[in-house]
Amino acid sequence: MNTTLTDKAADNIRILAASMVEKAKSGHPGGAMGGADFINILYSEFLNYDPSDMGWINRDRFFLDPGHMSPMLYSVLALAGKYSMDDLSNFRQWGSITPGHPEVDVERGVENTSGPLGQGHVMAVGAAIAERFLVQRFGNWMTHKTYTFISDGGVQEEISQGAGRIAGYLGLNNLIMFYDSNDIQLSTETDAVTKEDTAKKYEAWGWNVITILGNNAEEIRKALTVANSEKEKPTIIIGKTIMGKGAVTEDGSNYERKCETHGMPLTNAGASFANTIKNLGGDPENPFQIFGDVKAAYEERAKELVEKAAVKKADQVKWEAENPQLAVKLKKFFSKEAPDFDFSQVIQKDNSATRGASGIVLGAMAGKIENLVVASADLSNSDKTDGYLKRTTAFRKGDFSGSFLQAGVSELTMACLMNGMALHGGIIPVCGTFFVFSDYMKPAVRMAALMQLPVKYVWTHDAFRVGEDGPTHQPVEQEAQARLMEKMKNHHGKNSMLVLRPADVHETTVAYKMGFENTGSPTAFILSRQNIKNLPVSGDPYQSALQAEKGAYIVEDCEGEPDVVLLASGSEVATLVDGAALLREKDNLKVRIISVPSEGVFRNQSKEYQDAVLPKGVKRFGMTAGLPVTLEGLVGENGTVWGLDSFGYSAPYTVLDEKLGFNGENVYDQVKKILG
């Protein structure tokens, strides 16, 4: 594009963005208007993708962090032919494909769902790590760039610390971030909340830092050229932009750099919509238009992109012919199918902690599931992800031959990185930390559920039995929180998350089988710190544990209808076994014991199966190391749940079991009360 046409295209984006918000009477026009120059240069000159094959695995990716700037993204993608004017005019409306914050839609060019500030650019870091991982295994023909766009709010979010540190440490030279630094945020100017030197901060993390006038096309172009040639570091381009660029009032006065234009239509913000559209070269009576010469320029760019992609695809075809086994592997990596792995061959150590059993499964996968990447938030020796780490190496700058990410103490960052890896494709991401710290991860877990990403969470130290570490490290309410995600449906009507709390080492193996076969949503494994006795089953314990695939099943039964049904998940199932023995021995009661690793999966079974496991009219007793509400939906009015209604206490876990009533004797006492 020539200079005049470049500016005209950027103004076209500004017109469309402002018009979308104005028509919807809702949204954020100012930032989109300020960022239009960068996004235009990026899409019209630098971003490499195939307009005829948007899911092409070797495309450059663009991750938007400030999702409220969706009008900017939709507008540039409209210039690229991926959205119609009707799509844009239906912004934020029921059933439209232009929601208020972007939702992942690769076929239309939206690589990530964004909204909660900070997460989008961390997903980009994860995608950049995925690219380095794949290039190491398949060759430089796979090299591509990851671009991301961040705002003042995203820089302020604490998560940016983790992303900046990790990207700099790993030397992700394939990562280019544009910082839209307009000094305006929703309610104030930025100098009301911060005086930090952002450039020095990123320099300290090992980034290449470029500062430019962010509305100057030539400076943007030069910065992107330099960033693309960088060999050692990730690049941040700090673009000093103008919030609401082009906005004017009724009398034609300048109305740029106003906080008001950040979060409301121009008319509501004090500007004149009609005069602003005129000022930008548009028709306020019919603003949803793409200028003819802008359309022609983007169509010409599309042809160039298809031709460039064809060259790279030809390189891939040649490589595949020369490396047929690797070609098969690459196809499998990106297939989104469950990996080939025989879980029945995993040899567990009986009567162990389920965190240890998890480590054994991960170790057995090492070298067999070759696109598995495991991460831990500085806890690999405690969450037992080191079962995997011992068989590989951690990522380092210039060396992605291993498949472990030492995330450091940054649980939210780690979880967002995993989302980015999953979005990029080609990788199965797993990450571990203590269950109580899932609280730090919740925003990213929710986004994984919304985007239907098959990220796996290894959450260990699952209960008050963390013991001497005390209530700060003892999860009580966390399982109930996770189970809520299991009850929530995603937009395809499926459980938004799979949550599994296995009762012994063999159930842990089956939990991993279920989790790795779950390719349509995230999976959480909730695992014990302390040893747990194996469930009392006859025959092959793994084959018995396969019943867990129905979410709940009968572990021990009686002849005829039971007098009472006992149910739990995790280590409390073994406690029920002890209590049942006393009920049989002392009172000759008929007892059924149910293991419920996943209520969500159980509720998806047929009514006949559910009634067969939990017969109506029979008293029920549930035991949980969490809040009683965790099991109350299963126990119902026909029984009671023994759980915790307070934070835990600091003491050895055996003492806590005794003091808090988590033993066979208390199971006996509580069931006797129910039965009267």
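So, how was this worked out
- Residues numbered from 1 in each chain as written.
- Predicted model: local features only at pLDDT ≥ 70, side-chain atom pairs only at ≥ 80, totals over all residues.
- Heavy atoms only, no water.
- Salt bridge = Lys/Arg side-chain N within 4 Å of Asp/Glu carboxyl O.
- Buried < 20%, exposed > 50% of the residue type's maximum accessible area, 1.4 Å probe, protein only.
- Helix = DSSP H or I, 4+ residues; strand = E, 2+ residues; numbered from the N terminus.
- Expected span 1.5 Å × (residues − 1).
- Bend = angle between axes of the 7 residues up to and from the residue.
- Axes fitted to C-alpha atoms, helices over the stretch in contact; angles between N-to-C directions.
- Left-handed = near helix turned anticlockwise from the far one by under 90°.
- Contact = heavy atoms within 4.5 Å.
- Nonpolar A, V, L, I, M, F, W, Y, C, P; charged D, E, K, R; others polar.
- Core = buried A, V, L, I, M, F, W, Y, C linked by side-chain atoms within 4.5 Å.

(A) Layout of the pattern of salt bridges. All told, the structure shown has 35 salt bridges when counted by the stated rule. With its nearest N and O atoms 2.7 Å apart, the salt bridge here joins Lys201 to Glu196. With relative accessibility at 41%, the residue Glu196 sits in the partly exposed group. One salt bridge connects Arg501 with Asp462, and the closest N-O pair in it is separated by 2.9 Å. With Arg501 in the loop between β10 (498-500) and α20 (505-517) and Asp462 in the loop between β9 (456-460) and α19 (478-487), this pair connects stretches of sequence that are 39 residues apart. According to the relative accessible area criterion, Asp462 is buried, its value standing at 7%.

(B) A look at helix α2 (residues 29-46). Taking 1.5 Å of rise per residue, the 18 residues of α2 would be expected to cover 26 Å, and the 25 Å separating its terminal C-alpha atoms lies within 8% of that figure. Maximum bend of α2: about 50°, positioned at Ala36. Along α2, 17 of the 18 residues are buried, which leaves the element largely enclosed by surrounding structure.

(C) The packing of α2 against helix α3 (residues 70-79), seen in detail. Taken N-terminus to C-terminus, the directions of α2 and α3 make an angle of 35°; their axes are 9 Å apart at the nearest point. Relative to α3, α2 is oriented so that their crossing is right-handed. Contacts between α2 and α3 involve Ala32, Gly35, Ala36, Ile39 and Tyr43 from the first element and Pro71, Met72, Leu73, Val76 and Leu77 from the second. Residues that form the contact of α2 with α3 fall into these classes: nine nonpolar, one polar and no charged.

(D) Inspection of the nonpolar core at higher detail. Ranked by size, the top nonpolar core spans 75 residues in total, and within it Met365, Leu372, Tyr512, Phe516, Leu566 and Ile593 carry the most contacts. In terms of residue count, helix α22 (residues 572-587) provides more of this core than any other element does, six residues in total. Beyond its immediate sequence surroundings of up to four residues, Tyr512 is in contact with Phe343, Ser358, Val361, Leu362, Met365, Val458 and Phe525. Val209, Phe400, Trp459 and Ile526 belong to the second largest nonpolar core, which has 74 residues in total.

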